[in-house]
Amino acid sequence: MVRETRLSVDQLISPIFVKEGKGGPVKSMPGVAQLSVDQAVKEAREVHKLGVPAVILFGIPAKKDEDASGAYDPEGIVQRAVKSIKDKVPEMVIITDVCLCEYMSHGHCGVPHPASGHPLLNKERVGERWIDNDASLELLTRVAISHAEAGADIVAPSDMMDGRVAAIRSGLDESGFVDTSILSYAVKYASAFYGPFRDAAESTPKFGDRRSYQMDPANVREAIREARLDAGEGADIVMVKPALAYLDVIAAVRCAVNLPIAAYNVSGEYSMIKAAAQKGWIDEKAVMMETLLAIRRAGADLIVTYFAKEAAKLLS
Ligand code: PBG
């Protein structure tokens, strides 16, 4: 009765990786696999049966190019997966990750800056500034609209370009998708905890890094600024990512905005627990539940986690 924080299955979001062509298990993430569209439908059905209300989809296209064309193709991998899941598991809330990194041949989340020297990789010319913020907005908006057209309930821009929530909101509204919500990865750090995800999504940058658009792990005031900016631009939910090493940031953002807060319990956090458990060094289930509860205690309303199914089983 006096317990202050509760974890419930309806606060969880389960990620799904859909891949064009042959997928398979992700080595660095035990229990996670790249799925075909049919397998993704099966997975969504299982997630739904366990009481988890939402999935977030990531796509791995057959081929990547310089325009990220697979990202907004109406017959693209995510678009087809959204349609099939909507059709077969209509109660499922479908969130789509809106980014370019999985679709760009260079693996960045935006369009390369004209002076970046790409593909010559001439770092000196622009310092660490690899990506052209404003040129990326148009493409990201196009991706978000194509996901909404396919039937996504919530689009989740994870690129960290400035102004993209406003751009996507007006793009969606102008296309008639006034009810499609935006879950913004508002506070996304340039983190080494994304390592295993980049294996799963095949999205490691081919040159440079993401530090010119993702946040410095040292900053928390900047996190509040980012969250408030996105709230002002029309975000419906703001997300902090990663979660575990950033519990103070979740708490600070919770105080600073009145929107629902999501936290992304990222791949590295997941794989560390899996690896230690495989070695018999920790009690996997106990550590998993303690971690998820801590993220809730910090102030997150929703948690994106690769543990969603396992946690749901324990919670039911
Ligand atoms: C894409 C994206 C990333 C994650 C979610 N969306 C990776 C990145 O920025 O490199 C990371 C998720 C995880 O590590 O589980 N921009």
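The structure displayed is predicted, hence computed values, not measured ones.

J.: So, the pairing of strand S4 (residues 54-60): which residues are in play, and what are the values?
T.: Burial of S4 is extensive: 7 of the 7 residues sit out of reach of the surface. The alternating pattern of S4 places Ala-54, Ile-56, Phe-58 and Ile-60 and Val-55, Leu-57 and Gly-59 on opposite faces, both of which are buried. Judged from the 7 bridges that link them, strand S1 (residues 12-19) and S4 form a sheet pairing that is parallel. From the neighbouring strand, Pro-15 faces S4, where its bridge partner is Ile-56. The parallel pair S4 and strand S5 (residues 93-98), bridged by helix H2 (residues 77-88), forms a crossover whose chirality is right-handed.

J.: Tell me about the site of the ligand, and please be specific about residues and values.
T.: Every one of the 19 residues lining the ligand counts as a neighbour, but Lys-188, Arg-198, Lys-241, Ser-267 and Tyr-306 are closest to it. A distance of 3.3 Å separates a nitrogen atom of the ligand from a polar side-chain atom of Ser-158. The separation between an oxygen atom of the ligand and a polar side-chain atom of Gln-214 is 2.9 Å. Isolated, the ligand exposes 400 Å² of accessible area, and the fraction of that covered by the protein chains is 100%. Of all elements in the fold, only strand S9 (181-188) and helix H5 (195-201) reach the threshold of two or more residues within the shell around the ligand. Here the shell around the ligand is composed, by residue class, of 11 nonpolar, 3 polar and 5 charged.

J.: Before we move on, could you go through the packing of aromatic side chains and cite the residues and values that matter?
T.: One pass over the structure, following the stated rule, counts 9 aromatic pairs. Residues Phe-17 and Tyr-306 carry aromatic rings whose centres are separated by 6.2 Å and whose planes lie at 5 degrees to one another, so their mutual orientation is stacked. Taken together, the residues Phe-17 in strand S1 and Tyr-306 in the loop between strand S12 (302-305) and helix H10 (308-315) connect sequence positions 289 residues apart. For Tyr-306, a relative accessible area of 9% corresponds to the buried category. Arranged with centres 4.3 Å apart and planes meeting at 20 degrees, the rings of Tyr-189 and Tyr-246 form a pair that is stacked. In this pair, Tyr-189 sits in the loop between S9 and H5 while Tyr-246 sits in the loop between strand S10 (237-241) and helix H7 (247-256), placing the two residues 57 residues apart along the sequence. The class for Tyr-189 is buried, based on a relative accessible area of 0%. When its relative accessible area of 7% is taken as the criterion, Tyr-246 is described as buried. Grouping aromatic residues by their ring pairs yields a cluster made of Phe-17, Phe-58, Tyr-185, Phe-197, Tyr-264, Tyr-270, Tyr-306 and Phe-307. Cation over ring: Arg-142 sits above Tyr-72, and NZ or CZ is 4.0 Å from the ring centre.

J.: Summarise the pattern of salt bridges; cite the residues concerned and give the values.
T.: All chains considered together, the criterion is met by 13 salt bridges. For Lys-19, the salt bridge identified is with Glu-202, shortest N-O distance 2.8 Å. Taken together, the positions of Lys-19 in strand S1 and Glu-202 in the loop between H5 and helix H6 (221-233) put the pair 183 residues apart, joining distant regions of the chain. You can call Lys-19 buried: its relative accessible area is 14%. Note on Glu-202: relative accessible area 31%, which makes it partly exposed. Across the pair Asp-173 and Arg-169 runs a salt bridge whose closest N-O atoms are separated by 2.9 Å. One end of the pair, Asp-173, and the other, Arg-169, are both in helix H4 (residues 164-174), 4 residues apart, so they sit about a helical turn from each other. Using a relative accessible area of 13% as the deciding quantity, one classes Arg-169 as buried.

J.: Just give me the short version of the environment of Glu-4, but keep the residues and values in it.
T.: Among the structural elements, Glu-4 can be located in the segment before S1. With 199 residues separating them in the primary sequence, Glu-4 and Ser-203 have C-alpha atoms 39 Å apart.

J.: Can you tell me about the side chain of Asp-230, naming the residues and giving the values?
T.: Checked against the element boundaries, Asp-230 lands in helix H6. Asp-230 gets classed as buried once you look at its relative accessible area, which sits at 4%. Dropping the residues within four chain positions of it, Asp-230 is found in contact with Arg-164, Val-165, Ser-184, Ala-186, Ala-235 and Val-238.

J.: Go over the nonpolar core, please, and point to the residues and values.
T.: In terms of nonpolar packing, the biggest core is built from 107 residues, with Phe-17, Val-187, Ile-250, Val-253 and Tyr-264 touching the most fellow members. With 8 residues, the top contributor of residues to this core is helix H3 (residues 133-150). In contact with Ile-250, other than residues within four places in its own chain, are Val-240, Ala-243, Ile-261, Ala-263, Ile-295, Ala-298, Gly-299 and Ala-300.

J.: Residues and numbers for helix H1 (residues 37-49), please.
T.: For an α-helix, the turn length of 3.6 residues means that residues three or four places apart are oriented alike. Helix length check: H1 (13 residues) gives 18 Å between terminal C-alpha atoms against 18 Å at 1.5 Å per residue, within 8%. The set of residues buried in H1 consists of Val-37, Ala-40, Val-41, Glu-43, Ala-44 and Val-47. All buried residues of H1 lie within an arc of 165 degrees about the axis, which places them on one face of the element. In this structure, H1 carries Asp-38, Lys-42 and Lys-49 as exposed residues pointing more than 90 degrees from its buried face. Gly-51 sits one or two positions beyond H1 and adopts a positive phi of about 95 degrees.

What counts and what doesn't
Residues numbered from 1 in each chain as written. Predicted model: local features only at pLDDT ≥ 70, side-chain atom pairs only at ≥ 80, totals over all residues. Heavy atoms only, no water. Buried < 20%, exposed > 50% of the residue type's maximum accessible area, 1.4 Å probe, protein only. Helix = DSSP H or I, 4+ residues; strand = E, 2+ residues; numbered from the N terminus. Pairing = 2+ DSSP bridges. Right-handed = clockwise from strand over helix to strand, strands pointing away. Near = heavy atom within 4 Å. Polar contact = N/O pair within 3.5 Å; in protein donor to acceptor, adjacent residues only side chain to side chain. Areas by Shrake-Rupley, 256 points an atom, 1.4 Å probe, with all protein chains shown as cover. Nonpolar A, V, L, I, M, F, W, Y, C, P; charged D, E, K, R; others polar. Phe/Tyr/Trp six-rings, centres within 6.5 Å; stacked < 30°, edge-to-face > 60°. Lys NZ or Arg CZ within 6 Å of the ring centre and 35° of its normal. Salt bridge = Lys/Arg side-chain N within 4 Å of Asp/Glu carboxyl O. Contact = heavy atoms within 4.5 Å. Core = buried A, V, L, I, M, F, W, Y, C linked by side-chain atoms within 4.5 Å. Expected span 1.5 Å × (residues − 1). Arc of directions from axis to C-beta.

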